[in-house]
Amino acid sequence: MSYDIQKIRSWFPVLSQQVFNKPLVYFDNAASTQKPVQVLNALQKLHNEFYGNIHRAAHYMADKTTLEFEAVRDKVKDFINAGSREEIIFTKGTTESANLVAASYGEQFLTRGSEIIVSEMEHHSNIVPWQLVALNKGAKIVKLPVSESGELQTGLLPELINSKTRLISVTHVSNVLGTINPIKQIIETAHVRNIPVFIDGAQAVQHIPVDVQELDADFYAFSAHKMYGPNGVGVLYGKKKWLEQLPPYQGGGEMISEVTFEKTTFSEIPFKFEAGTPNITGVAAFGAAIDLLQEIGLDNISAWEHDLLEYATSRLKGINGLKIFGEAPKKSGVISFLIDEIHPFDIGALLDKMGVAVRTGHHCADPLMKFYNIPGTIRASFGIYNTKDEIDLFMDSLKRAKELLN
Ligand code: PMP
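Residues numbered from 1 in each chain as written. Predicted model: local features only at pLDDT ≥ 70, side-chain atom pairs only at ≥ 80, totals over all residues. Heavy atoms only, no water.

**What to know about the packing of aromatic side chains**
Basically, it comes down to this: Only Phe, Tyr and Trp rings are paired, with Trp represented by its six-membered ring, and only when their centres lie within 6.5 Å; those with planes under 30 degrees apart are stacked, over 60 edge-to-face, the remainder tilted. Segments assigned H or I by DSSP are reported as helices when at least four residues long, segments assigned E as strands when at least two residues long, and all are numbered from the N terminus. The buried label goes to any residue with under 20% of its type's maximum accessible area, the exposed label to any with over 50%, and the partly exposed label to all in between, with areas taken from a 1.4 Å probe on protein chains only. We count a charge as sitting over a ring when the NZ of a lysine or the CZ of an arginine lies within 6 Å of the ring centre and within 35 degrees of the ring normal.
In the structure shown here, the tally under the stated rule is 16 aromatic pairs. An angle of 75° between the planes, with centres 5.4 Å apart, marks the rings of Phe-27 and Phe-394 as edge-to-face. Of this pair, Phe-27 sits in the loop between strand 3 (25–26) and helix 2 (37–49) while Phe-394 is found in helix 14 (residues 388–405), placing the two residues 367 residues apart along the sequence. By the burial criterion, Phe-27 is buried, and Phe-394 matches it. The cationic tip of Lys-323 hangs over the ring face of Phe-325; the distance from NZ or CZ to the ring centre is 4.9 Å. If you follow Lys-388 out to its NZ or CZ, it ends over the ring of Tyr-311, 5.4 Å from the centre.

**Things to note about the packing of helix 11 (residues 298–316) against helix 14**
Selection criterion: For helices, the axis comes from a line fit to the C-alpha atoms of the stretch in contact; other axes are also lines fit to C-alpha atoms, and the angle between any two N-to-C directions lies between 0 and 180 degrees. These descriptions rest on fixed angle ranges, namely under 35 degrees for roughly parallel, over 145 for roughly antiparallel, 65 to 115 for roughly perpendicular, and the rest for oblique. Less than a right angle of anticlockwise turn of the near helix away from the far helix marks a crossing as left-handed, whereas a clockwise turn marks it as right-handed. The criterion used for residue contact is that any of the two residues' heavy atoms lie within 4.5 Å. Polarity classes work like this: nonpolar for Ala, Val, Leu, Ile, Met, Phe, Trp, Tyr, Cys and Pro, charged for Asp, Glu, Lys and Arg, and polar for all others, with Gly in that last group.
Between helix 11 and helix 14, whose axes approach to 10 Å, the crossing angle comes to 25°. Classed by the angle they form, the pair helix 11 and helix 14 counts as roughly parallel. Like other packed secondary-structure pairs, helix 11 and helix 14 cross with a definite hand, here right-handed. Residue-level inspection shows Asp-307, Leu-308, Tyr-311, Ala-312, Arg-315 and Leu-316 of helix 11 in contact with helix 14, the latter providing Lys-388, Ile-391, Asp-392, Phe-394, Met-395, Leu-398 and Lys-399. Residues belonging to the contact of helix 11 with helix 14 are distributed by class as follows: eight nonpolar, no polar and five charged.

**Let's talk about unusual backbone geometry**
In this structure, Pro-270 follows Ile-269 across a cis peptide bond, with omega equal to 5°. Inspection of the secondary structure puts Pro-270 in the loop between strand 12 (264–266) and helix 10 (280–296). Of note, Tyr-228 is a non-glycine position whose phi angle comes to about 75°, a positive value. In this model, Asn-373 sits at a positive phi of 60°, which is unusual for a non-glycine residue. Along the chain, the position of Asn-373 falls in the loop between helix 13 (366–372) and strand 17 (377–381).

**What to know about the environment of Gly-113**
Looking at where Gly-113 falls in the secondary structure, it is placed in the loop between helix 4 (94–109) and strand 5 (115–119). Given a relative accessible area of 29%, Gly-113 falls into the partly exposed group. The sequence separation of Gly-113 and Thr-165 amounts to 52 residues, and the corresponding C-alpha distance is 9.2 Å. Those residues within four positions of Gly-113 in sequence are excluded, and the remaining contacts are Gly-138, Ala-139 and Lys-164.

Okay, structure coming up:
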């Protein structure tokens, strides 16, 4: 298919507004994406037509809602090519998915002295949950280091893995550097030693095709709000063989089979991990976001965003004193940079007044900032609706900001 950018932009009316009397340029997609009319309509439809609480339904409204909710589980399964629908657990987001695995896997498999390998480029949400469980269990976090170019030093893995290693946790795509990590290779290396791998896919599934069976991932997590879907919805994919062995993460309604004061038995997967009333309408509307991504096609999205990345990178490199962090050969549409000694917040604030939304700061990746010895970066991140014209506006604004601050 040719990439119909006008059609795609027409799905996002929010993009055509002016901010501070300037056309909005939204380059903060790695933080969260805008929502298309398809998702907004789906949210409204559910509330207008048949809203009810799901599962154990005793009436029409609840039945219809349950069907709508469970249909999205099948959509997610197909979207990442999971082996079965039971392997798809709905959570609040990537953060909750990581906490779920850390807590449950940690409870079951970590003992004093166990080691978990975590990469140095992780978002805090894929570091802190492991630290919490490690503290509790007397386990240790081992760092998989990055290199200056922003790539994981995967060659060190055979040295880092030992008989105490219980899990490896790594992001598919870095939210700061844009690096697309060689996770298939990491998973292969881990599996030779029967070590499971948790993949943080928060910055991947909306940009590149993901097939969890082909990757042989044990766990894979992502967030709907970064995929043009509603916020408060996330996914944890887990291989059946793991999910069946793990204890529940939270207790409550839906996740039980039978409760007495003496003993409780639990539901089968995935419900064992879905305690309480979930974000029903959010999950239902997430289905519309997945449809939209599939209508455009992940290969097309990937090619479009790669083109934007190359264009923006070459234009940015023309600015004197600008340094890009993250120059891996395989990158998604994320560019982090600094200009001279100017503080990123100052540039971000000026860009904002010129209608350009970027993210500034540590991007919830403090260890990576420490590695580069910087306080933070300015980050531009692209989505399906961004254009080269917007990159031109961004460049004009950036040059003006630089002049003002120098
Ligand atoms: N991991 C990565 C790589 C991310 O970029 C983010 C969001 N910035 C998260 C995890 C956390 O996602 P959420 O806040 O949706 O739980």
